[in-house]
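So you can see what is in the structure, the chains are spelled out below.
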Amino acid sequence: MLIKNKKYHLIKEQELIAIYNIQEQKVEKLIKVDPLLIECYLEVNSTKAIAEQQEKYHHVLTNLQKAWPDLIVDMDGEKLEQLIELEEAAREFARLNHHYFSLKEEMIFINVKETLSFYTVNNFSKSVDFKFSLLKDIHQYTAFSNKKKGEQKEINLIDIASFEKEELQYFETMMLRDDSIRIYYYNTVQDVVLGEGLVGSDYGCLFCNKDELPDTSEITAEVSSLIASLLQFEIIKYNRNLLAFLNEDITLTKGKKFLINKSTFEAQDIHIKRSSVCTCCAGGTVRKVV
Ligand SMILES: [Zn+2]
């Protein structure tokens, strides 16, 4: 079935249609279309709509393919169903949360799609292997040694209990140097803990004002699925554009820890106390990785 390539989004620009490249964050081309069909062109942004009414969109899709061949792709089966599910989740997130951002709902949708389709998610753990319904390709690592640098469109999840303090220091230093996104997690006798979530040195580092790392307990299957269910929506909020336009902090972990007490299910958050004399991030002045 012919559908719109997930890399693009069609935006109305006065009486024209802009072909916006989500991955590269730029308009590829402006096309002139029949003014009466503008709404029909915009509906092509919904893969679900195309899948349900192929006949209706055939003409529009053919025109779009002529204007920008890469815009139209052939997709069927499970891949198509996954894409529809992903788009519906992105649309729902944008609809429910747009008032927390100084961005239009449509731009939130585009950025959520960018995270779900084009951000790399890495999980560093010797025991936890997350299953997310929307994020399919999680890269699993049991050591930091293969990682030499951080990327911009990447979210790193780190199981604190799997690593020694020195390994975490090495990793933090690299993340600080490369302005990378990482979210730590662990389990204790009393609480399940998500965070801190960090972006470069924006909110400090894992070691700010901490002499020792927490005493951790094993992450059971039950705890792992609780963490995964919270992390999936947390990851969406760590899109760099969304973070930049967030008016009210709706994250669980940005510069803080989110603790859930396992007996009472009460939640609380604890903000990082940044330290200007921190030996790891020095309050933002970052040391080189040796
Ligand atoms: Zn620090």
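Here the structure is shown first, and the text comes after it.
A. The overall build of the protein chain, seen in detail. A count of helices and strands for the protein chain gives 8 helices and 12 strands. On the principal axes, the C-alpha backbone points of the protein chain span a range of 65 × 40 × 35 Å. When burial is assessed residue by residue, the protein chain has 51% of its 290 residues classed as buried. A fraction of 64% describes how many contacts in the protein chain between residues 6 or more apart in sequence connect residues 24 or more apart. By element, 50% of the accessible surface of the protein chain is carried by carbon and sulfur atoms, the whole surface being about 14400 Å².

B. The coordination of the zinc ion, seen in detail. Protein-derived ligands of the zinc ion are C205 (SG), C208 (SG), C278 (SG) and C281 (SG), with the metal-ligand distances lying across 2.3 to 2.4 Å. Coordination geometry of the zinc ion: the 4 donor atoms subtend angles of 96 to 123° at the metal centre, consistent with an arrangement described as tetrahedral. The sequence motif formed by the donor residues of the zinc ion is C-x2-C-x69-C-x2-C. Classification of C208 by relative accessible area gives buried; the value is 4%.

C. Here's a closer look at the sheet that holds strand β11 (residues 256–261). In space, the 7 strands of this open sheet follow the order β7-β6-β8-β9-β10-β11-β12, with mixed pairing throughout. Of all the strands in the sheet, the pair left with one neighbour each is β7 (138–141) and β12 (267–271). Mean inter-strand twist for the sheet, computed between neighbouring axes without regard to direction, equals 20°. Examined bridge by bridge, β11 and β12 share 5 bridges and lie antiparallel to one another. Paired with F258 across the two strands is D269, which belongs to β12.

D. Region of the structure containing the nonpolar core. F130, F132, L157, I227 and L231 are the most contacted members of the largest nonpolar core, which totals 42 residues. Of all the elements in the fold, those that place two or more residues in this core are α4 (77–97), α5 (105–118), β8 (154–159), β9 (181–187), β10 (191–199), α7 (221–237), α8 (240–244) and β11. The dominant element in this core, judged by the number of residues it contributes, is α7, at 6 residues. Three or more residues apiece are contributed to this core by two domains, here domain 1 (2–92) and domain 2 (119–284).

E. Quick look at the packing of aromatic side chains. The full count for this structure, using the stated rule, is 7 aromatic pairs. Where F124 meets Y141, the ring centres are 5.0 Å apart and the plane angle is 15°; that geometry is what we call stacked. With F124 in strand β6 (residues 120–124) and Y141 in strand β7, this residue pair connects regions lying 17 residues apart in the sequence. Residue classification places F124 among the buried positions, given a relative accessible area of 0%.

F. Representation of the pairing of β11. Taking burial as the measure, the 6 residues of β11 include 6 buried ones, the bulk of the element. With burial as the criterion, each face of β11 is covered, one bearing K256, F258 and I260 and the other bearing K257, L259 and N261. As paired elements, β10 and β11 share 4 bridges and run antiparallel to each other. Across the sheet, L194 pairs through a bridge with F258, a residue of β11. Between the antiparallel neighbours β11 and β12 lie 5 residues, among them F265 with a positive phi of about 60°.

G. Region of the structure containing the sheet that holds strand β4 (residues 26–32). Read from one edge to the other, the open sheet built from 3 strands follows the order β2-β3-β4, with strand pairing classed as antiparallel. Each edge of the sheet is formed by a strand with only one pairing partner; in this case those strands are β2 (8–13) and β4. Ignoring which end each strand starts from, the neighbouring axes of this sheet average 30° apart. Lying over the sheet, α5 contacts β2 and β3 (16–21), oriented at roughly 165° with respect to β2.

H. Looking closely at unusual backbone geometry. With an omega of 5°, the peptide bond running from G195 to E196 counts as cis. In this structure, Q14 is a non-glycine residue whose phi angle is positive, near 50°. Position of Q14 among the secondary structure elements: in the loop between β2 and β3. On the accessibility criterion, Q14 (69% relative accessible area) is exposed. Positive phi values are uncommon outside glycine, yet F265 reaches one of about 60°. For F265, the position within the fold is in the loop between β11 and β12.

Definitions and cut-offs
For every chain, the first residue of the written sequence is number 1, and numbering continues from 1 onward in sequence order. Only residues with pLDDT of at least 70 get local features here, since the model is predicted, and only at 80 or more are side-chain atom pairs given and counted; chain-wide, interface and lining totals rely on the full set of residues. Excluded from the side-chain calculations are hydrogens and water; all other atoms, namely the structure's heavy atoms, are used. Note on conventions: DSSP H or I runs of at least 4 residues are helices, E runs of at least 2 residues are strands, and numbering of each starts at the N terminus. Whether a residue is buried, partly exposed or exposed follows from its accessible area with a 1.4 Å probe, protein chains only, as a fraction of its type maximum: under 20%, in between, or over 50%, in that order. Contact between two residues is taken to exist if any of their heavy atoms lie within 4.5 Å; hydrogens are not considered. Residue exposure ignores everything except the shown protein chains as possible cover, and the areas themselves are Shrake-Rupley values with a 1.4 Å probe. In this description, a donor is an N, O or S atom within 2.8 Å of the metal centre, a cutoff extended to 3.2 Å for sodium, potassium and calcium. Water is not part of the atom list, which can make sites seem incomplete. Site shape is set this way: if four donors have all angles between 85 and 135 degrees, tetrahedral; if opposite donors are over 155 degrees apart and all others between 65 and 115, square planar for four donors and octahedral for six; otherwise irregular. Two strands are counted as paired when DSSP detects at least two bridges linking them. Here the axes come from fitting lines to C-alpha atoms, over the contacting stretch only for helices, and the angles between their N-to-C directions go from 0 to 180 degrees. What makes a nonpolar core is a set of buried Ala, Val, Leu, Ile, Met, Phe, Trp, Tyr and Cys residues whose side-chain atoms join them at distances within 4.5 Å. Note that the domain bounds were set by an automatic or database domain assignment. When two rings of Phe, Tyr or Trp (its six-membered ring) have centres within 6.5 Å they constitute a pair, described as stacked for plane angles under 30 degrees, edge-to-face for angles over 60, and tilted for the intermediate range.

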